[in-house]
Every structure is written in C-alpha cells, then in structure tokens.
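Survey of secondary and tertiary structure
Listed below, chain by chain, are the residues.
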Amino acid sequence: MRHPNLSASLSTNSERQKDKKLKGVDRTRESGKSIVEDDSTDSCIGIETIRSDPSRLDSMTVKELRTLTRNVGIPGKGTKKDLISALKDYSITLENASAGSNSLSEGSNTMPAAKPIQPESLPSKRKPKFLPIEEDAENMTTVSEITENKGKRSRRKQHPVESTNEDYSSTVITKKKMSAKAKKVQDTKRSRSSNEDSSIIQSDKGVMDQVGLSLNHAEPWTILAHKKPQAGWIPYNPKTMRPPPLTPDTNFVKLTSWNVNGLRALLKLESFSALQLAQKEDFDVLCLQETKIQEKDVEEIKQSLIEGYDNSFWTCSVSKLGYSGTAIISRHDMTQTSDWHALCKQLSDSCRKVEIKPISVKYGLGIPDHDGEGRLVTVEFDSFYLISGYVPNSGDGLRRLTYRVKEWDPSLSNYMKDLEKCKPVILTGDLNCAHQEIDIFNPAGNRRSAGFTDEERQSFESNFLLRGFVDTFRKQHPGVVAYTYWGYRHGGRKTNKGWRLDYFLVSESIADKVYDSYVLPDVIGSDHCPIGLILKL
C-alpha cells in the first residue's frame, strides 16, 4: 500500500520523471559508461551532501532515493518517507562512527590494513572493494539477512555442488538496536509476507543503532548465522577459541587440509599466496582435495612447491579429466637445507626443526569401481596413517546417493578399520556431509539436498562415528557453529550462510592427543576454507 503523500507526489511529478528518464538514457549512450559505475561516484557525493544538509532528501524523487539507498548498502524498498528515514539514520550512523577513534570510517588515512573481499562475495557488475581488517568484536550476535532479489522472488535450496560460479542477489546485514522508524519499515515488510527470509538481527548488547552496516562485516564468521539456532550455540571465532601455541620443543604435528576447488585457478589468484599460508600456519603436512589437475600436470606442480615441502603425493581423476583429485604434501628434513636459517625465518620465527617423513603411500581404496576419480591418497607416517579424501557428492537429483551410502562409505570405513589394525588413522578432507543441524545454516530447507539427506547423515554416523572415529572439531567445540563451505550460488560466505563439510576424523586411541581442531575461515580462494589439526605425539 502506497503512502498517501507519496501517491500525491508521484501523480504531480510523473511527467517530469519521464523527461528525466529520457535524458538519462541519452547521457548514458553518449558516455558509454555503465550506470553502476556512475552511481558509485554520485552516491559518495550524495551522502556527504545529505550529511551536511538532510533537508535535501525531501526534494529528491523516489527513484533518486532508491538509487542512493542501494549504493550505500541500504535496502531500497518502501515508501518515500521510509527511504528518507533510513537514509537519515544511515547519515547519523556515519557521523557517530566517524566520531569514535575505533569506529569504521571510509576514506580515512588512518585506516588499518585492508584485505580484498573474496571474488564470490562481489555482486555482479561491481568493482572490487576493500574492507578493513577489524579488531575482534567482543559481543556475539545472531544474524539473518535482508535479500534483494532482482528477478522472481522465490526460496531456493542450497546445493553443495562441486563447482559453481553463479551470481547471487546482494545481501545486507542489519543490526539491532534499529531506530523506531527503520524497525517499523521492517515490521511492515514481515506483515506483507510470512515466507520472506528477512528479520532483525538480534544483538546481545543491542548498542549499535545501525542500518546496512556491521562491525563484523570483514569477519562474518563471528556472527551466529543459523535459521534455527539452539540455546547455548555460539559462533566460532578462531581469535578467541584457539588454545595458545605450543612451544617449539613440544613434540607435535600440525596438519592442514583444504578443498581448493581447482589448484591451478587458486595459484593464479593475486589475493592468494602459498608462501603466506605457509608462513601463517607453519604446517607439517598439507592435504588437498579437488585439485582438478591431470597426471601430466603433476611434475610441473611439484617443481613449484615451496622449499621445505618436497614430499608430495598426488592422485588424479582418469575417468573424467580435470575433475576431483587429492594430494598430501609433507615437510622434509629442513635442517639439511643449505639455507635453513633463511627458510626458517621466511616460514616462521618459531620454525621447528622436524621432518615428517613418509614411510609408504597408497592411492585409492584398491577397488577399481571407486578409484577412477582420484579421490583418496593415504600416507603412512611413524605414528599414524593419514588419508586425504574427497567423498563423492550425491549430485543433482541425488543421482549418486545410493552409490555414496551403499558402496563408497562402507568401503572407505572398512579400509580405515583395516589400517587401524596396524596404527591409528586420521581421515581428513571434504567428506560432503553436514552431520548435524548445527553444521548447516538452513537444515529445514535442505532435507533433500546432497550433503544433508537423512541417508548421508546416517551413513556418516554408522560408518565412521559409531565405528570408533572421532569428529575432532565437534568434540572440542560441541555447541559452536562453524562452517567450512559457502556456495558461490548464494553468496553465502558474505553472510556466513554455510555448511560444515570438512573434517578431521581420528581413531579413538589418539583422540585425547588432539591439542586443537580448528577452522581458518579468513583464508579465501575457494568455496571451502582450510581446516587444521594439532596432534601431540
């Protein structure tokens, strides 16, 4: 229902707006530039002008108001009065933010180090922006989203497909406490449609008066994002939930695992550096999944490995080229390297003089029906077997569901139990199953989605957990919401709407030796993030 004042304004100004549209089309054709690019400049000028003279909002047309709200990140919906109210609140928020020494500030010369938004989080036709690396927020929050769908408004399911590069509707995070007027707009929207996926984000402290702006925007994983969160659930924050580092003289091994969703594509990204990842994590072993490389590429990839990680074992898909693929890369005896001290300084100030020496390696399960896609590589070390695995996705229409739960899972489970007769086993990788409702943002909407069907979850439990393999992250963090996969299709990473599909499962005999099982949500470059395990030896 239109606001009375807005209806009157629209009727008296309709002719003038038509003329403006025609002139706008001509100017666009002459300049040859996209409207999106022009808006980014105009919105900057517009919001500064409004901050100095808020009364100018009243003279703007509804179209101009909506364009301005969208460009500054506010939902461009509602009546003219609603849009003016939201923009005034936004202007007040910017002034309050700029007044504080620790608040967010655009264009400040004292802004802290910035990092690029990941490619999947960029709306289509928009230039990349940079966000400040923010200090850890002390208060936990619960998140929902206000989504603007450009086409048909419908509720779509998430599917953890193996390769997706689709655009998505832009999402705006809001934070309570909202102003009375903005909250009224939100309540009106909810009354129009009970099925609309939008709500006020509840804050534990409720001290921010903010629309379209969040202190946690650069660290969305610190926001509790779940459709139906249970009492006691909290978001995973690696800054506050990881134990202190072990001293270099402690005997332990550090494992990192990552579904890279195409190794060659990852290495070409300017925002990713393998050396920086090694510097940050100082891992002893790196396990990769979904490398998508072919056997002819392996030697070239080996030559490009960081010095000090020369033990590497790769398996590639032969039934479908450029698909699947797994690897295990381990540190060799760096004390024998000629420039050991320089390398140690390059990797970490506390670099440990250890060698993770492989004893044997095996590719696949030894079953031809399962081994054509390069989904498994096993390396034997002194104290354990390590498996890097990429479990088959049940696929669109669940076409591979039966194969997954009736053949693959039991075969992998039996293989692990056979290895366990000699020494403990560690299985890591993309296991393509969100085991519990806490492991997925929208459990109700994905009951028949690959990765969260009852069949897959029951298979995961019966073939692995009930046979003596421990989910190390869930054991350490029983009530913590943490995701490792965010589909490109829905832009879920920006709002932390994800799935926990990546695991470290270990034999019960070594579960108590796990010092830390963790997630690295800040590492971008794939639709998955790396996970890690520190095991005392």
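Above this note sits the structure.
A short tour of the structure in this document, coming up. (Residues numbered from 1 in each chain as written. Predicted model: local features only at pLDDT ≥ 70, side-chain atom pairs only at ≥ 80, totals over all residues. Heavy atoms only, no water.)

A closer look at the overall build of the protein
The following threshold applies: Helix and strand labels come from DSSP, where a helix needs a run of H or I of at least four residues and a strand needs a run of E of at least two; each type is numbered from the N terminus. Residue contacts follow a heavy-atom distance rule, with two residues in contact if any of their heavy atoms lie within 4.5 Å. Values of accessible area rely on a 1.4 Å probe in the Shrake-Rupley scheme; residue burial ignores everything except the protein chains shown.
Looking only at helices and strands, one finds 15 helices and 20 strands in the protein. Considering only contacts in the protein between residues 6 or more positions apart, those separated by 24 or more positions represent 72%. Here the protein displays about 25900 Å² of accessible surface, and carbon together with sulfur accounts for 50% of that area.

A word on the sheet that holds strand 15 (residues 425-430)
To keep things clear, this is the line we draw: Two strands qualify as a pair provided DSSP detects at least 2 bridges between them. Axis definition: a line fitted to C-alpha atoms, over the contacting stretch in the case of helices. Angles run 0 to 180 degrees between N-to-C directions.
Spatially, 6 strands are ordered 12-13-14-15-18-16 in an open sheet, and the strand pairing comes out mixed. Edge positions in the sheet fall to strand 12 (360-363) and strand 16 (469-471), since each of these pairs with one other strand and no more. Strand-to-strand, the axes of this sheet are offset by a mean angle of 20°, without reference to chain direction. Looking at chain direction, strand 13 (residues 376-380) and strand 14 (residues 385-390) are connected through 5 bridges and run antiparallel. The residue of strand 14 that forms the bridge with T378 is I387.

Focus: the nonpolar core
Applicable threshold: Nonpolar cores were defined as sets of buried Ala, Val, Leu, Ile, Met, Phe, Trp, Tyr and Cys residues, with membership established by side-chain atoms within 4.5 Å. Any residue under 20% of the maximum accessible area for its type is buried, any over 50% is exposed, and the rest in between are partly exposed; the area is computed with a 1.4 Å probe on protein chains only.
If you look at the biggest cluster of nonpolar residues, it comprises 61 residues, and the most contacted ones within it are L288, W314, L386 and I426. Discounting residues that sit within four places of it in the chain, W314 has contacts with L263, L288, T291, I293, V298, I301, K302, L305, T326, A327, I329 and Y363. Counting residues in hydrophobic clusters, the runner-up holds 20 residues, among them Y415, L419, Y503 and L505.

Considerations on the packing of aromatic side chains
The criterion, for reference: Any pair of Phe, Tyr and Trp rings, taking the six-membered ring for Trp, is counted once the centres come within 6.5 Å. Such a pair is stacked with planes under 30 degrees apart, edge-to-face with planes over 60 apart, and tilted for the rest.
One pass over the full model with this rule turns up 5 aromatic pairs. Here F283 and Y309 contribute two aromatic rings whose centre-to-centre distance is 5.2 Å and whose plane-to-plane angle is 55°, an arrangement assigned as tilted. Residue F283 is found in the loop between helix 8 (274-281) and strand 9 (285-289), and its partner Y309 is found in the loop between helix 9 (298-303) and strand 10 (311-315); the two are separated by 26 residues along the sequence. The exposure class of Y309 is buried, given its relative accessible area of 3%. Seen from their ring centres, F460 and F464 are 5.9 Å apart, and the 55° between their planes marks the pair as tilted. Considered together, F460 and F464 belong to a single accessibility category, that of buried residues.

Concerning the sheet that holds strand 9
Taken together, the 6 strands give an open sheet; going across it, the order is 10-11-9-8-20-19, and neighbouring strands pair in mixed fashion. What marks the edges here is a single partner per strand, and that holds for strand 10 and strand 19 (514-519). On average, each strand axis in the sheet is inclined to that of its neighbour by 10°, with strand direction left out of account. One ladder, built from 5 bridges, connects strand 8 (residues 252-259) with strand 9; its direction is parallel. Bridge pairing links W258 to L288 in strand 9.

Structural notes on the side chain of S449
Selection rule: In protein, a polar contact means a hydrogen-donor-capable atom and an acceptor-capable atom, both N or O and within 3.5 Å, with residues adjacent in sequence counting only if both atoms are side-chain atoms; elsewhere, any N or O pair within 3.5 Å suffices.
Structurally, S449 can be placed in the loop between strand 15 and helix 12 (454-463). A polar contact is formed between the side chain of S449 and the side chain of N446, at a distance of 2.9 Å.

Quick notes on helix 8
The test is simple: Relevant arc is that of directions from the helix axis to the C-beta atoms, nothing else.
Burial in helix 8 covers these residues: L277, A278 and E281. Along helix 8, the residues classed as buried sweep out an arc of 100° about the axis, all on the same side.

What to know about the pairing of strand 18 (residues 502-507)
Within strand 18, 6 of the 6 residues are buried, leaving the element largely enclosed by the surrounding structure. Here strand 15 pairs with strand 18 via 5 bridges, running antiparallel. Looking at strand 18, one finds that I426 is bridged to V506. Examined bridge by bridge, strand 16 and strand 18 share 3 bridges and lie antiparallel to one another. Note on strand 18: the bridge partner recorded for F469 is S507.

Examining the pairing of strand 20 (residues 531-536)
The buried count for strand 20 comes to 5 of 6 residues, which makes it a mostly enclosed element. Where strand 8 lies against strand 20, 6 bridges are found, and the strand directions are antiparallel. Paired with V253 across the two strands is L535, which belongs to strand 20. In this structure, strand 19 lies alongside strand 20, joined through 5 bridges in antiparallel fashion. Among the inter-strand pairings, S517 is bridged to a residue of strand 20, identified as L533.

What about the pattern of salt bridges?
Here is the rule we go by: Any Lys or Arg side-chain nitrogen located within 4 Å of an Asp or Glu carboxyl oxygen qualifies as a salt bridge.
In total, this model carries 25 salt bridges according to the counting rule given. Here R331 and D284 are joined by a salt bridge, their closest N and O atoms 3.0 Å apart. With R331 in the loop between strand 11 (326-330) and helix 10 (340-347) and D284 in the loop between helix 8 and strand 9, this residue pair connects regions lying 47 residues apart in the sequence. On the basis of relative accessible area, R331 is assigned to the buried category, the value being 0%.

Considering unusual backbone geometry
Here S324, not a glycine, exhibits a phi torsion of approximately 55°, which is positive. For S324, the position within the fold is in the loop between strand 10 and strand 11.

Observations regarding the side chain of E456
As for its position among the elements, E456 is in helix 12. Note on E456: relative accessible area 0%, which makes it buried. Separated by 2.7 Å, the side chain of E456 and the backbone nitrogen of G451 make a polar contact. At a separation of 3.3 Å, a polar atom in the side chain of E456 contacts the main-chain amide nitrogen of F452. Setting aside its immediate chain neighbours within four residues, E456 contacts S394, L401, R404, V405, N432, C433, S449, A450 and G451.

Looking at the packing of helix 11 (residues 401-420) against helix 12
Inclusion rule: These descriptions rest on fixed angle ranges, namely under 35 degrees for roughly parallel, over 145 for roughly antiparallel, 65 to 115 for roughly perpendicular, and the rest for oblique. Note that Gly is not counted as nonpolar here; it falls among the polar residues with everything else outside the nonpolar set of Ala, Val, Leu, Ile, Met, Phe, Trp, Tyr, Cys and Pro and the charged set of Asp, Glu, Lys and Arg.
It is at 10 Å that the axes of helix 11 and helix 12 come closest, and there the two elements cross at 10°. It follows from the interaxial angle that helix 11 and helix 12 lie roughly parallel. Contacts between helix 11 and helix 12 pair L401, R404, V405, D409, P410 and S413 from the former with E455, E456, S459 and N463 from the latter. In terms of residue class, the contact of helix 11 with helix 12 is built from 3 nonpolar, 3 polar and 4 charged.

Thoughts on the environment of T472
Structurally, T472 can be placed in helix 13 (residues 472-476). Taking the C-alpha atoms as reference, T472 lies 9.7 Å from Y515; in sequence the two are 43 residues apart. Apart from residues lying up to four places away in sequence, T472 is in contact with F504, V506, V514, S517 and L533. A distance of 2.9 Å separates a polar atom in the side chain of T472 from the backbone oxygen of F504.

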